[in-house]
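Spelled out from the first residue to the last, the chains are:
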Amino acid sequence: MSEVEGTVQGHRDGHGFVIRDDRQPDLYLSQQEMRAVLHRDRVKARIVRFDRKGRPEGRVLEIIERRKAPIIGRLLHESGVWLVAPEDKRYGQDILIPKNAVANATAGQVVAIELTEPPSMYSQPVGRVTEVLGEIDDPGMEIEIAVRKYEVPHCFSPETLAQAAGLPDKIRPVDRKNRIDLTDVALVTIDGEDARDFDDAVYCEPAKVGRAKGWRLLVAIADVSHYVKPGEALDNDAYERATSVYFPRRVIPMLPEKLSNGLCSLNPNEDRLAMVCDMLITATGEIYAYQFFPAIINSHARFTYNEVAAILGNTRGPEATRRKDRVDDLLNLNEVYRALVKERGKRGAIDFETTETQIVCDENGRIEKIIPRTRNEAHKLIEEAMLAANVCAADFIAGAKHPSLFRVHEGPTPEKKALLQNYLKALGLGLSISDDPQPREYQQIAAATKDRIDAEQIHSMLLRSMQQAIYTASNSGHFGLAYDAYTHFTSPIRRYPDLLVHRVIKAILGGRRYLLSKGMVESMPLARSLAKPSKQAKPVNPAKAVTLTAEGEVWEVAGAHCSANERRADEASRDVEAWLKCRYMREHLGEEYSGRVSAATSFGLFVQLDGLYVEGLVHITELGGEYFRFDEVKQELRGERTGVRYAVGSRVRVQVSRVDLDGRKIDFRMVRDGEEDAAMVRARKERGADRNATAVAELASVKETDRAVKAAGKRKGYSASGARVNPGRPAKTPARKGPAKAAKRR
């Protein structure tokens, strides 16, 4: 059998996978194989067999590289033995700590450890405590855990801090050279109430486009590339982070605060350096022409989304009265937004209305409430303006044939396409997607079903059928937005790909070529594993395949690095939110709530509680005394005896039965009509706190007994150091014709 290289991905159940470098199907690793390796190890493995479904199983031959990042976990003292239970359950086994290596930590505290002895087939790993993070209930502990668990860089290097400190507080005369002065143009920023860094400012005025009425739309973006230069400490740290990470009550920025909230932020009434996309928009929403140029701007006002929405909703209201000098400008912005939305509809771009939530914490870091984030007209106005600037940037770069990073979003894979087609057919809607689906088909289905009772279920299936957007040097278009070319230009303060795009645009304007440093790109651990990407991109549509040059391959690795760090940031944020929700629900054990089924699986139902936006699992064993069969096509569970159906969107009533803080899991049990009366519910609520304490104590006792039994049975297997011998628990530029016109020419 052949040998392969890849990265180990552990699983909570003890087994694992090797994610192969050649991008072929993952290699399954049994629990036995996982004893000698750790999650995220780079290994060489051999395919030893294929299972009944044709999936490869493997055996680890060699550990090529072991991550040196610390492992985070709880320090436990059980039956005289110190050990750390990793917070990330994908590690699969506890780590023994010799008694002289616990530092000043005490049992129950959260610690960071480094390995001193690796695991083997016959012994557990051994480590030592390198950092004591504190008690599990300390305010902000969930964030401290997450940044280490996901290896999110959270400390700038001394060189970066020194470089940032040496930057000026305001722009200097030398910074103004070769820039167009737009300080007299009434650009404004429109952001959320809690925003501190302002990437973008906008302005719109009526203009003649050809012989017809149209608009001139200016999108000014902070010129971070003027201060963050390739090869400098600031740039190295920014590339390593690749993105800012957002947690409740805390942000880990990509750039030091001196830049992100000060020198680069487009704060009101402050001269700032910017890159400007100057567009002419027709009455039908087409981008007729555009140009990019460096400028000096001065934001004339800082608006919030709610404030702008209130002004647009009532131009004679108190908000409009306070901002009367800017009302006409906002109305112009609203008009160009309406035109862009019409063009979006003609283009067939997908537009789902989804509910995002915001966690509001008290001063101790505990959840105070969870509220929905509503997207008003102001949010959509800014979104359309940014989309227009981004698509112009992509068209400008593609027209110059300069390598760069594109934001690519491909349509469904063949497997997901078939699943969606079968699902829509089973619903009997009379609507489906073709064998070569287009965004317009998705949008038509979404529009046709938006008023149905099961609209959320249908829209969820549409979303799940599409792939995740990535950064790549191979432009194969953006399926969801229905663009032939799309990139990110509008957020260089918080996204590294945007910073790279700014550098490329500046190079094209100057008649130069921006060369991405191969040494920097391949300096990161992830990039090293991707240093030999496939030369042939593999989009869903083979007609869009692109052969990359050597220079393009460097960009491809940078794109993979930025995509992976974007996912890492999302995972860390979700982990913190899940931890906060678990801690919140731990105080509501035994209480009942109404909710709806958010997902159906072969092992149970995920239910989202009304008003709380908290999700938990009703295991299939909690559904009643009959056999339930999972219908993958209809995405539902159906009882064989009674025929009762549970599908996405079904209304249910559940009781909070268990909360696993370490596993970030909430379990519910189903409550049926007439099962309990109000008196019993009130009584259970009154007893909730006592029963919670009892349940926690009982669980701790069971765990203690279990560990003691295991330890006693293997006591003879400990070495003098405490290591087990036996296996353990497994200037203005000429205007260019816009993308719409260019498309017509092609």
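Preceding this section is the structure that the text describes.
The rules behind each value
- Residues numbered from 1 in each chain as written.
- Predicted model: local features only at pLDDT ≥ 70, side-chain atom pairs only at ≥ 80, totals over all residues.
- Heavy atoms only, no water.
- Helix = DSSP H or I, 4+ residues; strand = E, 2+ residues; numbered from the N terminus.
- Buried < 20%, exposed > 50% of the residue type's maximum accessible area, 1.4 Å probe, protein only.
- Contact = heavy atoms within 4.5 Å.
- Pairing = 2+ DSSP bridges.
- Axes fitted to C-alpha atoms, helices over the stretch in contact; angles between N-to-C directions.
- Core = buried A, V, L, I, M, F, W, Y, C linked by side-chain atoms within 4.5 Å.
- Salt bridge = Lys/Arg side-chain N within 4 Å of Asp/Glu carboxyl O.
- Parallel < 35°, antiparallel > 145°, perpendicular 65-115°, else oblique.
- Left-handed = near helix turned anticlockwise from the far one by under 90°.
- Nonpolar A, V, L, I, M, F, W, Y, C, P; charged D, E, K, R; others polar.
- Expected span 1.5 Å × (residues − 1).

Turning our eyes to something else, we now look at the overall build of the chain. Looking only at helices and strands, the chain has 18 helices and 32 strands in total. Each of the 746 residues in the chain was classed as buried or not, and the buried ones make up 52%.

Next up on the list: the side chain of Glu307. Within the secondary structure, Glu307 sits in helix α6 (residues 305-313). If we ignore the near neighbours within four places in the chain, the residues touching Glu307 are Arg302, Glu319 and Arg323.

We now examine the sheet that holds strand β31 (residues 665-670). The strand order around the closed barrel formed by five strands is β24-β25-β26-β31-β30, and the pairing between neighbours is mixed. Averaged over all pairs of adjacent strands, the angle between their axes in this sheet comes to 50°, without regard to strand direction. Here strand β26 (residues 615-619) pairs with β31 via two bridges, running parallel. Residue pairing in the sheet places Leu617 in a bridge with Asp667 of β31.

Strands pair in a sheet through their backbones, by hydrogen bonds, and they do so in one of two ways: parallel or antiparallel. One open sheet holds the three strands; their spatial order is β27-β28-β29, and the pairing between them is antiparallel. Edge strands, defined here as strands with exactly one partner in the open sheet, are β27 (628-631) and β29 (645-647). Averaged over neighbouring strand pairs, the angle between their axes works out to 20° when direction is ignored. Looking at chain direction, β27 and strand β28 (residues 636-639) are connected through four bridges and run antiparallel. Along β28, the bridge assignment pairs Phe628 with Gly639.

This part is about the pairing of strand β30 (residues 651-660). Across five bridges, the pairing between strand β24 (residues 592-601) and β30 is antiparallel. Across the sheet, Tyr593 pairs through a bridge with Val654, a residue of β30. Pairing analysis gives six bridges linking β30 to β31, with the strands arranged antiparallel. If you follow Arg658 over to β31, its bridge partner there is Asp667. The turn linking β30 back onto β31 is made up of four residues, and Arg664 within it adopts a positive phi angle of 55°.

The next subject is the nonpolar core. Formed by 105 residues in total, the largest nonpolar core has its most connected members in Leu217, Met279 and Phe489. Take this core: its biggest share by element is 14 residues, from helix α9 (residues 377-400). For Leu217, the residues in contact, after removing those within four places along its chain, are Tyr203, Cys204, Cys277, Asp278, Met279, Ile281, Leu333, Val336, Leu340 and Ala385. Counting residues in hydrophobic clusters, the runner-up holds 50 residues, among them Val110, Ala112, Cys582 and Met670.

Positive phi outside glycine occurs at Asn178, with the angle close to 60°. For Asn178, the position within the fold is in the loop between α3 (158-165) and β11 (180-181). The exposure class assigned to Asn178 is exposed, which follows from its relative accessible area of 69%.

So, about the pattern of salt bridges. One pass over the structure, following the stated rule, counts 50 salt bridges. Across the pair Glu205 and Arg216 runs a salt bridge, and its minimum N-O distance is 3.7 Å. With Glu205 in strand β13 (residues 200-209) and Arg216 in strand β14 (residues 212-222), the pair connects residues that are eleven residues apart, well separated along the chain. Taking relative accessible area as the criterion, Glu205 reaches 24% and is therefore assigned partly exposed. The class of Arg216 is partly exposed, set by a relative accessible area of 22%. When salt bridges with common partners are traced through the structure, they connect Glu87, Lys149, Asp575 and Arg664 into a single cluster.

Looking now at helix α4 (residues 233-241). Taking burial as the measure, the nine residues of α4 include seven buried ones, the bulk of the element. Lining the buried residues of α4 we find α3, β16 (250-252), α5 (257-263), α13 (496-509), α14 (518-521) and α16 (550-586). Just beyond α4, the residue with positive phi is Ala242, at close to 70°.

This next bit is on the packing of helix α10 (residues 414-427) against helix α12 (residues 455-465). Their axes nearest at 9 Å, the elements α10 and α12 cross at an angle of 165°. Taken together, the axis directions place α10 and α12 in an arrangement best described as roughly antiparallel. Crossing of α10 against α12: the hand is left-handed. Residue-level contacts link Lys416, Leu420, Tyr423 and Leu427 of α10 to Gln457, Ile458, Met461, Leu462, Arg464 and Ser465 of α12. Split by residue class, the contact of α10 with α12 holds six nonpolar, two polar and two charged.

Along the polypeptide, Gln443 turns up in helix α11 (residues 439-449). For the pair Gln443 and Gly480, spaced 37 residues apart in sequence, the C-alpha separation works out to 9.3 Å. Apart from residues no more than four positions distant in its own chain, Gln443 is found in contact with Gly348, Ala349, Ile350 and Asp351.

The subject of this paragraph is the packing of α6 against helix α8 (residues 327-347). Two packed helices can be described by the angle between their axes and the distance between those axes. Packing of α6 against α8 leaves a shortest axis separation of 10 Å and a crossing angle of 90°. Between α6 and α8, the angle falls in the class roughly perpendicular. In contact with Val308, Ile311 and Leu312 of α6, α8 contributes Val327, Leu330, Leu331 and Asn334. Here the contact of α6 with α8 is composed, by residue class, of six nonpolar, one polar and no charged.

For the rest of this paragraph, the subject is α13. Between the first and last C-alpha of α13 there are 20 Å, a value that for 14 residues agrees with the 20 Å anticipated at 1.5 Å per step. When we look at burial in α13, the residues that qualify are Tyr496, Pro497, Asp498, Leu499, Leu500, Val501, His502, Arg503, Val504, Ile505, Ala507 and Ile508. Just beyond α13, the residue with positive phi is Gly511, at close to 70°.

Interpretation note: all reported values are geometric properties and have no functional meaning in isolation.
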